[in-house]
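Spelled out, the chains give:
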Amino acid sequence: MSGRAWRNAGRLWLALVLLFLYLPIAVMAAMSLNASPFYQLPFEFSWRWYEDLAGNRQLQRAAWTSIWIAATTAGLATALGTAAAVALHRGPRGRRVLEALLFPPIAVPWLITGTAMLVFFFLVGIGRGNGAVLVGHVALAIPYVVLVVSARLRALDPALEEAARSLGASRWTAFRSVTLPFLAPGVIAGALFAFAVSFDQFVISYFLQAPGETTLPVEIYAAIRKGFTPEINAVSSLVIGVSMALLLLVARLVRFGDLR
Amino acid sequence: MRPPPSLRAREARGTAALLAPAYLWLTAAVFLPLGVMLGVSFLTETPFGGREWAVTLGQYEAALGKPLYRELLRRSLLLAGEVTLWCVVIGWPAAFVLAKVIGPRRRGALFLLTILPFWSNGLVRVFSWAILLRGDGVIDRAVEGLTPLEVEGGLLFTREAVVIGLVHAYLPYVVLTGYLSISAIGDDLLEAARSLGASRRLTFLRVVAPLSLPGVAAGAALIFVPVAGAFMEPRILGGREGTFLGTVIEDQFTAVFNWPFGAALSFVLLAAVLAVLAVSAPAVRAAR
Amino acid sequence: MTGEIRLEGVSRRFGPGAPAADAVDLVVPEGSFYGLLGPSGSGKTTLLRLVAGFETADAGHILIGGEAAESLPPERRDLGVVFQSYALFPNMSVAGNVGFGLRARNLPRRERRSRVEEALALVRLEGLAGRRPHALSGGQRQRVALARALAIRPRALLLDEPLSALDRALRAEMQVELRRIQREAGVTTLFVTHDQEEALTLSDRIGLLRDGRLVQEGPPREVYRRPRTAWAARFLGEATVFEGTPEAGGLTLADGARIGWTDAAPGARLAAIRPEDVTLLRLEDPVPEGWNALEAELEVSIFSGPTATHRLRRGDLALAALTKGGEGPAAAPGDRLVLAWPPERTAPLEG
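Quantities reported herein were computed from a predicted structural model and do not represent experimental measurements.

1. A few points about the overall build of chain A
A count of helices and strands for chain A gives 12 helices and 0 strands. For chain A, the α and β elements follow one another from N to C terminus as α-α-α-α-α-α-α-α-α-α-α-α. Across its three principal directions, the C-alpha atoms of chain A cover 70 × 65 × 30 Å. Within chain A, residue pairs in contact and separated by at least 24 positions form 78% of the contacts whose partners lie at least 6 positions apart.

Below, the structure written as structure tokens:
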């Protein structure tokens, strides 16, 4: 094959991969706008499933629970994670170990982390509920915030802060006036990331939630297991729309290549 | 010049104060629970509600000794292996195309498009496959609408459906890590290979593949571990065919309420997964 | 003919702005060492990549050994390329790198091994066949890259700034080595650099490239002694450039002084002189018969070991003279001196 043929074959491959990734999501979104509840074709446009959503108190409550937990997670994880990233950047003793400790929360299957949290929270008396969910979400989000902010910190010229200090700024002033403004995009990206991690999290929430006050993914899961309804298509399309929009925002703030 | 000890000590205290909240949180929410669960796995009974319990190895004996659980473990590891393989086969070339074939202007956008689903809601994406694959679902209807064929049954509630859904869920991992490691291979290396007369096949096999293998292997490990413990995807897409170790572990905590056994199964799974990774690591190194 | 490289009207343009190659005609004779010299952005690397086949020309022809190369992909051009970064495969040993092109040619193992040994002997790296590239010094990497390119017995060798990553002392040593290896291998070589001294030292012929155009070419001595334009004179070393009114055998400066030359250059309004061709005299010293002589005020003398550079000023005109480090008239800034040189050293310029 010639070079051009190879390149075109490669592009076709990538196009097929993207088709594979987006086709189900696109079909789901399309079906959420189809009037027929049984996925009947031909397609007949209708907002009726979204209108039904407006009347579904249970899903609305779940949505609010998801949003406030995600927002609180974002705030806490960003504060804790940014502080840790800044400290790690100073190269403290044991830095390698501390960095390695960030990976178990990401890498251990959530099933195991989630059930372990369930067991532990029960034994120490926290039990299940949104408080437990929040503790779990923050723990999962911290490593991501540290990674995003650290990537930004690595791009910071250490001479900048040193210059500020040689000009008489205290460590704190130098940090506030030089480092922090430089870090801002990374911190904002980290916060959005943490929000997305929590908003999309299913497994941990599933194990830690008390019945009756669920987050959106858990509610959707329960509905799916009960049976398929186009209403679930509608809320799922909204959820995926929100999380993709969030991540596009993150991508504007950090280049994904920096996340190495 | 070293700062005087007092100054150094003060800075060290400041650093520790910045580190402490995050790591204490991780300890309380991840490391302690994992430790406690390890302890629970050696108990006879769920230590809750005033039940009598004693220390035992019985849970592990049951988890490792009963053929049913050995079979489930085998199924889970096979599923993880199969999903990982598909992700590598599909994702590695895609990563190469992204890194080296697509022009720099469209590369960023396409890369983002490829990894975007990965960070969007996993549950919802699995659900979207259920819509597509169910009997009388969209695929069936489309095939019937476009061809004279009668389709029945659909793919939903088969092992294939579980594999498809998991590949969809984890494919972006390989694309991400593969893309990062292939981008790090300079164009000059590829040009050098061609100027020395190497075909594209030889260049890929002898230069691109060995140099990007560590990245792809990292991506594969990141897929293998969670897939071995998957329970939500098999439940939604697998139906009765979707019984794996992950779903059985879930049952121990949510239905059967046998925490010690669930914990033992979890650690058996974790150990098996780590063992597979440990065995394959030297192979990866040797292949370079 | 087998190794001759011939470019005929080759053009390549990337977007708007100056073209990277603009109707370049160039011949690298068989077995010779051709240095392509230009500032960064002049298109020299593009030209090399066009020959190697990594770029395609918009217009013109490229012939290698008399054979049209346009339709050949890089892997079928049989050219040895040494990259600026060396581009050694980090996952292979030195022998693996050097043997890679032979493997691509499906040579039997035994012949591969003997050719690898031969190439490593040529670059004097016999003992290092088993090393990985990261365990080598910069100079050794350079030699491996060279051996790798030569092992395929290429029709010609293309070198892209091969010495720029080396430190100064090593660079001087490698220049000598490069020339020896090229002679021993007898391979036609096209070499790209921005370092004029390197180009002058190594090349049988040099070509000056500016904004994608080949401005001047010829043997190094000739191009250096007789630059065709003020830009060429200044790019290839230091030069004082005079501008004046043409007259028979020279020109008259605005202040009335006369600069003579021996070349046939009717109508030239510009001329250049190299600092090392200038002799510095005191006002009272006699000027040799027939020499050009200009009085100027010394601004500064910069001593740099073996040589000393003297900057002088005559009205708006800045002049330079080079003497041996300890020689020349004892003078302080502000003193008036005479710059004198024989007319055959004056280079009349175009433009």
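Okay, back to it.
2. Some remarks on the overall build of chain B
A tally of helices and strands in chain B yields 12 helices and 0 strands. Going from N to C terminus, chain B has its helices and strands arranged as α-α-α-α-α-α-α-α-α-α-α-α. Against the 2.2 N^0.38 benchmark of 19 Å for 288 residues, chain B shows a C-alpha radius of gyration of 24 Å, more extended than a compact globule. If one aligns the C-alpha atoms of chain B with their principal axes, the spans along those axes are about 85 × 75 × 35 Å. Across chain B, every contact between residues at least 6 apart in sequence was considered, and the portion connecting residues at least 24 apart equals 70%.

3. Thoughts on the packing of helix H2 (residues 94-104) of chain C against helix H4 (residues 138-151) of chain C
All names here are of chain C. Direction vectors running N to C along H2 and H4 enclose 25°, while the axes themselves pass 7 Å from each other. By the criterion of interaxial angle, the relationship of H2 to H4 is roughly parallel. H2 and H4 meet at a crossing whose hand is right-handed. Of the residues in H4, those touching H2 at Val-94, Asn-97, Val-98, Gly-99, Phe-100, Gly-101 and Leu-102 are Val-144, Ala-147, Arg-148 and Ala-151. Among the residues making up the contact of H2 with H4, the classes are represented as 7 nonpolar, 3 polar and 1 charged.

4. Observations regarding the interface of chain C and chain B
When the parts of a complex come together, some accessible area is lost, and that lost area is often used as the size of the interface. Contact with chain C, which involves 18 residues of that partner, is made by 17 residues of chain B. Of the residues assigned to the side of chain C that touches chain B, the class counts are 12 nonpolar, 3 polar and 3 charged.

5. Comments concerning the sheet that holds strand E10 (residues 213-218) of chain C
Residue and element names in this part refer to chain C. With mixed pairing, the 6 strands of this open sheet are ordered in space as E6-E7-E8-E3-E9-E10. Bordering the open sheet on either side are strand E6 (79-82) and E10, each of which pairs with just one other strand. Across the sheet, the axes of successive neighbouring strands diverge by a mean angle of 20°, strand direction being ignored. When strand E9 (residues 205-210) meets E10, the two strands line up antiparallel, connected through 5 bridges. Looking at the pairing, Leu-209 lines up with Leu-214 of E10.

6. Side note on the pairing of strand E18 (residues 317-324) of chain C
Residues and elements named next belong to chain C. Summarising the sheet, strand E17 (residues 307-314) and E18 pair through 8 bridges and their orientation is antiparallel. Bridge assignment links Thr-309 to a residue of E18, and that residue is Leu-322. Taking the residues that link successive antiparallel strands as the turn, the E17-E18 hairpin has 2 residues, and the phi of Gly-315 there is positive, at about 60°.

7. Concerning the interface of chain B and chain A
Listed as interface residues are 69 residues of chain B and, on the opposing side, 65 residues of chain A. Among the elements that line the side of chain B that touches chain A, the one with the most residues is helix H1 (residues 5-40) of chain B, at 16 residues. The class makeup of the residues in the side of chain B that touches chain A is 52 nonpolar, 13 polar and 4 charged.

8. Observations regarding the pairing of strand E12 (residues 250-253) of chain C
All names here are of chain C. Taken together, the 4 bridges between strand E11 (residues 240-247) and E12 define a ladder with antiparallel strand orientation. When the sheet's bridge partners are listed, Thr-245 is paired in E12 with Thr-252. The turn linking E11 back onto E12 is made up of 2 residues, and Gly-249 within it adopts a positive phi angle of 70°. Alignment of E12 against strand E13 (residues 258-260), held across 3 bridges, turns out to be antiparallel. Directly across from Leu-251, in E13, lies its bridge partner Ile-259. In sequence, E12 turns back onto E13 through a hairpin of 4 residues, with Gly-256 there showing a positive phi of about 95°.

9. A closer look at unusual backbone geometry
Residue and element names in this part refer to chain C. A positive phi is found at Ala-87, a non-glycine position, where the angle reads about 50°. Here Ala-87 shows up in the loop between E6 and H2. Note on Ala-87: 24 C-beta atoms within 10 Å, which makes it buried. Although it is not a glycine, Glu-161 sits at a positive phi angle of roughly 40°. Overall, Glu-161 belongs to the buried group, with 20 C-beta atoms counted inside 10 Å.

10. Brief notes about the environment of Ala-129 of chain C
Residues and elements named next belong to chain C. Of note, Ala-129 is situated in the loop between helix H3 (109-122) and H4. With 18 C-beta atoms counted inside 10 Å, the residue Ala-129 sits in the partly exposed group. Between the alpha carbons of Ala-129 and Leu-337 there is a distance of 61 Å; along the sequence they are 208 residues apart.

11. Thoughts on the packing of helix H3 (residues 57-89) of chain A against helix H7 (residues 130-154) of chain A
Residues and elements named next belong to chain A. Contact geometry for H3 and H7: axes closest at 6 Å, N-to-C directions at 45°. Taken together, the axes of H3 and H7 lie oblique to each other. Here the hand of the crossing between H3 and H7 comes out right-handed. Classifying every residue of the contact of H3 with H7 by side-chain character gives 16 nonpolar, 10 polar and no charged.

12. Some thoughts on the sheet that holds strand E20 (residues 347-349) of chain C
Residues and elements named next belong to chain C. Taken in spatial order, the 5 strands make up an open sheet running E13-E12-E11-E14-E20, and their pairing is antiparallel. Across the chains shown, the open sheet's two edge strands, defined by having one partner strand only, are E13 and E20. Taking the axes of each pair of neighbouring strands and ignoring which way they run, one obtains an average angle of 40° across the sheet.

13. Quick look at the environment of Asn-258 of chain B
Residue and element names in this part refer to chain B. Here Asn-258 is to be found in the loop between helix H11 (245-254) and helix H12 (259-287). Look at Asn-258 and you get partly exposed, because 17 C-beta atoms sit within 10 Å. As a C-alpha pair, Asn-258 and Leu-270 span 12 residues in sequence and 18 Å in three-dimensional space. Excluding residues within four positions of it along the chain, Asn-258 makes contact with Thr-46 and Gln-252.

14. Some remarks on the confidence of the model for chain B
Residues and elements named next belong to chain B. On average, residues of chain B carry a pLDDT of 87, and 91% of them reach 70 or more. Within chain B, helix H6 (residues 138-146) has the poorest average pLDDT of any element, 66, and helix H3 (residues 67-101) the best, 94. At the level of chain-chain contacts, confidence expressed as ipTM amounts to 0.88, with global pTM at 0.82.

15. Points about the environment of Ala-264 of chain B
Residues and elements named next belong to chain B. Within the secondary structure, Ala-264 sits in helix H12. The exposure class of Ala-264 is buried, given the 29 C-beta atoms found within 10 Å. C-alpha separation for the pair Ala-264 and Leu-64, spaced 200 residues apart in sequence, amounts to 9.3 Å. Among residues more than four places away in sequence, those in contact with Ala-264 are Ser-41, Gln-59, Tyr-60 and Ala-63.

16. Here we look at the confidence of the model for chain A
Interpretation of the predicted coordinates at a detailed level should be avoided for regions scoring low in pLDDT. Put simply, chain A has an average pLDDT of 86, and 94% of its residues get 70 or more. Below a pLDDT of 50 lies the segment residues 256-260 of chain A, which in the model reaches 10 contacts outside its immediate sequence neighbourhood of four places, other chains included.

Conventions and cut-offs
- Residues numbered from 1 in each chain as written.
- Chains lettered and ligands numbered in written order.
- Predicted model: local features only at pLDDT ≥ 70, side-chain atom pairs only at ≥ 80, totals over all residues.
- Helix = DSSP H or I, 4+ residues; strand = E, 2+ residues; numbered from the N terminus.
- Contact = placed C-beta atoms within 7 Å.
- Rg over C-alpha atoms; globule rule 2.2 N^0.38 Å.
- Axes fitted to C-alpha atoms, helices over the stretch in contact; angles between N-to-C directions.
- Parallel < 35°, antiparallel > 145°, perpendicular 65-115°, else oblique.
- Left-handed = near helix turned anticlockwise from the far one by under 90°.
- Nonpolar A, V, L, I, M, F, W, Y, C, P; charged D, E, K, R; others polar.
- Pairing = 2+ DSSP bridges.
- Buried ≥ 20, exposed ≤ 12 C-beta atoms within 10 Å, placed from the backbone.
- pLDDT = per-residue confidence, 0-100.

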